[in-house]
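Fold and geometry: a report
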Amino acid sequence: MEKWLSSNQDKVWGELVASRLAKRFGESEHLLMLEKVASLFKGKSALDVGCGFAQLSQFLPEGIEYVGVDQSESMLKRAYEAFPDARLINGNIYDLEIRKFDTVFAIDFLHHQLDIEPAFSKLMSIANKRVIISLWIWGRIPRKNKKYFGPHGEIMSWYTTGELENIFKDLNYTITESVGRKWRDIYYFDIKKE
Ligand SMILES: C[S@@+](CC[C@H](N)C(=O)[O-])C[C@H]1O[C@@H](n2cnc3c(N)ncnc32)[C@H](O)[C@@H]1O
């Protein structure tokens, strides 16, 4: 546990990672995945948690409010270059006080956290209508460990569909399987009206 807690995740997503991801995220596979994710948007405002280069913003309906949040200055620098008008906040989701948005996105974000919680509950608490997340499903490709550090020190966490079923059992959700890659599923949660 000690090594996970002291792994300086806020420093991991620096210039080197940003420049490598810029190539990979420019590929059509990533863009088509984001387009599919954007089609699940509901309402008039969107919060994009772990927005990276804010590429999702280009696929959302015109005229809606879009805000991206990311802990990495290097990722956001590129986001501003590509989308100068986007509203972007530099910070760690665990530290920020955030108001409610109709749809909250967390795409390729949760599996870079130590665990689904506490981030997932925070996402649910700030959504009026829908939370849309992507998760990597363990067992679809050979992987020895379910948690490990990636090549740059980034946390990688994989989950089985059974584990996720158990975690989300009381929630109202839909799964879209194998979006972009066979091991990535999109889950969207519709917020129940009290
Ligand atoms: C793999 S990238 C995904 C970027 C974007 N969502 C996409 O799919 O194109 C993950 C992003 O999440 C950000 N991130 C990870 N943990 C975070 C945290 N606790 N608070 C804010 N941002 C975080 C990283 O800095 C990185 O830019």
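Note: the structure precedes this text.
Residues numbered from 1 in each chain as written. Predicted model: local features only at pLDDT ≥ 70, side-chain atom pairs only at ≥ 80, totals over all residues.

A word on the overall build of the protein chain
Secondary structure assignment for the protein chain yields seven helices and nine strands. Taking 2.2 N^0.38 as the reference for a compact globule, 194 residues should give roughly 16 Å; the C-alpha atoms of the protein chain span a radius of gyration of 16 Å, in line with that estimate. Dimensions of the protein chain, computed from the C-alpha atoms along their principal axes, are close to 45 × 40 × 35 Å. Sequence separation of 24 or more characterises 60% of the internal contacts of the protein chain that already satisfy a separation of 6 or more. (Helix = DSSP H or I, 4+ residues; strand = E, 2+ residues; numbered from the N terminus. Rg over C-alpha atoms; globule rule 2.2 N^0.38 Å. Contact = placed C-beta atoms within 7 Å.)

A look at the packing of helix α3 (residues 15-24) against helix α5 (residues 73-82)
With their axes 8 Å apart at the nearest point, α3 and α5 run at an angle of 45° to one another. With respect to α5, the axis of α3 lies oblique. On the side of α3, the interface is formed by Glu15, Ala18 and Ala22, while α5 contributes Ser74, Met75 and Arg78. Across the contact of α3 with α5, the residue classes break down as three nonpolar, one polar and two charged. (Axes fitted to C-alpha atoms, helices over the stretch in contact; angles between N-to-C directions. Parallel < 35°, antiparallel > 145°, perpendicular 65-115°, else oblique. Nonpolar A, V, L, I, M, F, W, Y, C, P; charged D, E, K, R; others polar.)

A few points about the site of the ligand
Around the ligand sit 18 residues, and of these Trp13, Gly50, Gly52, Gln71 and Ser72 come closest. For the shell around the ligand, the residue count by class is nine nonpolar, seven polar and two charged. (Near = placed C-beta within 6 Å.)

Some details on the sheet that holds strand β1 (residues 45-49)
Taking strand neighbours across the sheet as the criterion, the seven strands line up as β3-β2-β1-β4-β5-β9-β8 in an open arrangement whose pairing is mixed. For this open sheet the edge positions go to β3 (87-90) and β8 (173-176), each flanked by a neighbour on one side alone. Taking each pair of neighbouring strands and ignoring which way they run, the sheet shows an average axis angle of 20°. Here strand β4 (residues 101-106) runs beside strand β5 (residues 127-136); their pairing, made up of five bridges, is parallel. What sits directly across from Phe105, in β5, is Ile132. Each of β2 (65-70) and β3 touches α5; the most contacted strand, β3, lies at about 165° to it. (Pairing = 2+ DSSP bridges.)

Points about the pairing of β4
Judged by how many residues are buried, β4 sits mostly within the fold: five of six residues are covered. Handedness of the β4-helix α6 (residues 119-125)-β5 crossover: right-handed. (Buried ≥ 20, exposed ≤ 12 C-beta atoms within 10 Å, placed from the backbone. Right-handed = clockwise from strand over helix to strand, strands pointing away.)

Structural notes on α5
When α5 is considered as a whole, its buried residues turn out to be Met75, Leu76, Arg78 and Ala79. One face of α5 carries all of its buried residues, which in axial projection span an arc of 160°. Among the structural elements, α3, β2 and β3 are those in contact with the buried residues of α5. (Arc of directions from axis to C-beta.)

Section: helix α4 (residues 28-38)
Buried within α4 we find Met33, Leu34, Val37 and Ala38. All buried residues of α4 fall inside an arc of 135° around its axis, so they share one side. Turned more than 90 degrees away from the buried face of α4 sit Ser28 and Glu29, all of them exposed. In this fold, the buried residues of α4 make contact with β4, β5 and β9 (184-190).

Quick look at the nonpolar core
By size, the foremost hydrophobic cluster in this structure holds 42 residues, and its most contacted members are Val37, Val49, Leu56, Val104, Phe105, Ala106 and Leu123. A per-element tally of this core places β5 first, with six residues. Residue contacts for Leu56: discarding those within four places in its chain leaves Leu34, Val37, Ala38, Asp48, Cys51, Phe105 and Ile107. (Core = buried A, V, L, I, M, F, W, Y, C linked by C-beta atoms within 7 Å.)

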